[in-house]
Each structure stands twice: as C-alpha cells, then as structure tokens.
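Notes for the structure review
Chain residues, written in single-letter form:
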Amino acid sequence: AAGRGRGEEDGEGVAASEGNSFSPNHQLEPKAPGRSMLHWMKRVAKMRPPKPRLVTLEEVARHNQSSDAWTVIDGVVYNLTDYIVYHPGGKPKIMEAAGRDATKTFHRVHSYVSVKTILAPHVLGYLTTSE
C-alpha cells in the first residue's frame, strides 16, 4: 500500500514492524531538538561542497570513526561526519557504512532515498583505483 514503510502490515503477509517506527531501519527514540531530517535539509540548502577530487578506497577506509566518517555510494565519496546525528536510523546504523563502499547496503535499505540530495554538499570526490 502506498505510504507504508518497509516491514509494516499491508494485508499481503508483510510482517509488522516493532514499536512505532516507520520501518525497522529507523530508530524508535525521537531525535534531539534540531536534529530532524527537516533541520538537516535546511542546513544542506545553505552549504556549498568542496572541490571534488579522486579518492582511493584505502583512504576512505581510514575514515571510519564517528568523528571522521567517510563512505562510498555509487562511486561517489561522501563525508558522513556531520550527518550522523541526523540519520533517521541512528548512529549505529550509519556507522556500518563508515570507511567502506556502502553502495549495495544503501540501495538495499534506502532505495527510496536520494543520497545526491541529502549529502550533496558533503561530496569529497570520486572513487579511483589508482594512487
């Protein structure tokens, strides 16, 4: 049914999710004031991205902490650091993407999300295989 999240009962045998969460991929606890997706999108609208550069997967792998988190989605390298506290799934879920190519996971879990819109000003560059 339209408007239903993943895991909600739709009358066709899809299991209901636990609690009041939109889907199993979203945290149940409310966000701290000023940390909603609406706040994030307002913030992003005012930002400009840095000049993109070529980045290796080895370099991305060194940025795997919540204080410095990078990921790759569809060959684009993003800095997730500022976004972590806004992520609807919470810090543990987004940190699964830190320091690695998260393309497959992202598309499996977030097929409805435009990463290009949400993280546009946080593009660091493009994945390359050469130093």
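Parameters and conventions
Residues numbered from 1 in each chain as written. Predicted model: local features only at pLDDT ≥ 70, side-chain atom pairs only at ≥ 80, totals over all residues. Heavy atoms only, no water. Phe/Tyr/Trp six-rings, centres within 6.5 Å; stacked < 30°, edge-to-face > 60°. Helix = DSSP H or I, 4+ residues; strand = E, 2+ residues; numbered from the N terminus. Buried < 20%, exposed > 50% of the residue type's maximum accessible area, 1.4 Å probe, protein only. Salt bridge = Lys/Arg side-chain N within 4 Å of Asp/Glu carboxyl O. Pairing = 2+ DSSP bridges. Core = buried A, V, L, I, M, F, W, Y, C linked by side-chain atoms within 4.5 Å. Contact = heavy atoms within 4.5 Å. pLDDT = per-residue confidence, 0-100.

Summed over all chains, the structure comprises two aromatic pairs. Both rings, one in Trp40 and one in Tyr86, keep their centres 4.9 Å apart while their planes meet at 50°; by these two values the pair is tilted. Of this pair, Trp40 sits in helix α1 (residues 37-45) while Tyr86 sits in the loop between β4 (76-79) and α3 (91-95); the two residues are 46 residues apart in sequence, bridging distant segments of the chain. In this pair, the class of Trp40 matches that of Tyr86, namely buried.

Another point: the pattern of salt bridges. A complete count under the given rule lists two salt bridges for this structure. The partner of Asp82 in a salt bridge is Arg43, with the nearest N and O atoms 3.7 Å apart. Of this pair, Asp82 sits in the loop between β4 and α3 while Arg43 is found in helix α1, placing the two residues 39 residues apart along the sequence. Judged by relative accessible area, which is 34%, Asp82 ranks as partly exposed. Of the charged contacts, one joins Arg53 and Glu59 as a salt bridge, the two residues approaching to 2.7 Å between their closest N and O atoms.

This next bit is on the pairing of strand β6 (residues 123-128). Two strands pair when backbone bridges link them, and strand β1 (residues 53-56) and β6 are joined in this way by four bridges, in the parallel orientation. Bridge pairing links Thr56 to Thr128 in β6.

What follows is about the pairing of strand β3 (residues 68-73). A regular strand carries its side chains on alternate faces of the sheet. Burial analysis of β3 places five of its six residues in the buried class, which makes it a mostly covered element. Counting the residues between successive antiparallel strands, the hairpin from strand β2 (residues 64-65) to β3 contains two residues. Bridge count between β3 and β4: four bridges; the pairing is antiparallel. By the bridge assignment for β4, Trp70 is matched with Asn79. Hairpin connection, β3 to β4: the antiparallel pair is bridged by two residues, and Asp74 has positive phi, about 55°. Bridge analysis of β3 against strand β5 (residues 100-101) gives two bridges, and the strand direction is parallel. Each residue of the ladder has a partner; that of Thr71, found in β5, is Arg100.

This part takes up the nonpolar core. Residues Trp40, Tyr78, Leu80, Tyr83, Val115 and Leu119 are the most contacted members of the largest nonpolar core, which totals 19 residues. The set of elements that each furnish at least two residues to this core consists of α1, β3, β4 and α5 (115-118). Setting aside its immediate chain neighbours within four residues, Trp40 contacts Asp82, Tyr83, Tyr86, Ile118, Leu119 and His122.

Turning our eyes to something else, we now look at the confidence of the model for the protein. Per-chain confidence: the protein averages 80 in pLDDT, with 76% of residues scoring 70 or above. Confidence drops under a pLDDT of 50 for residues 1-23, and excluding neighbours within four residues, the segment shows 37 contacts in the predicted structure.

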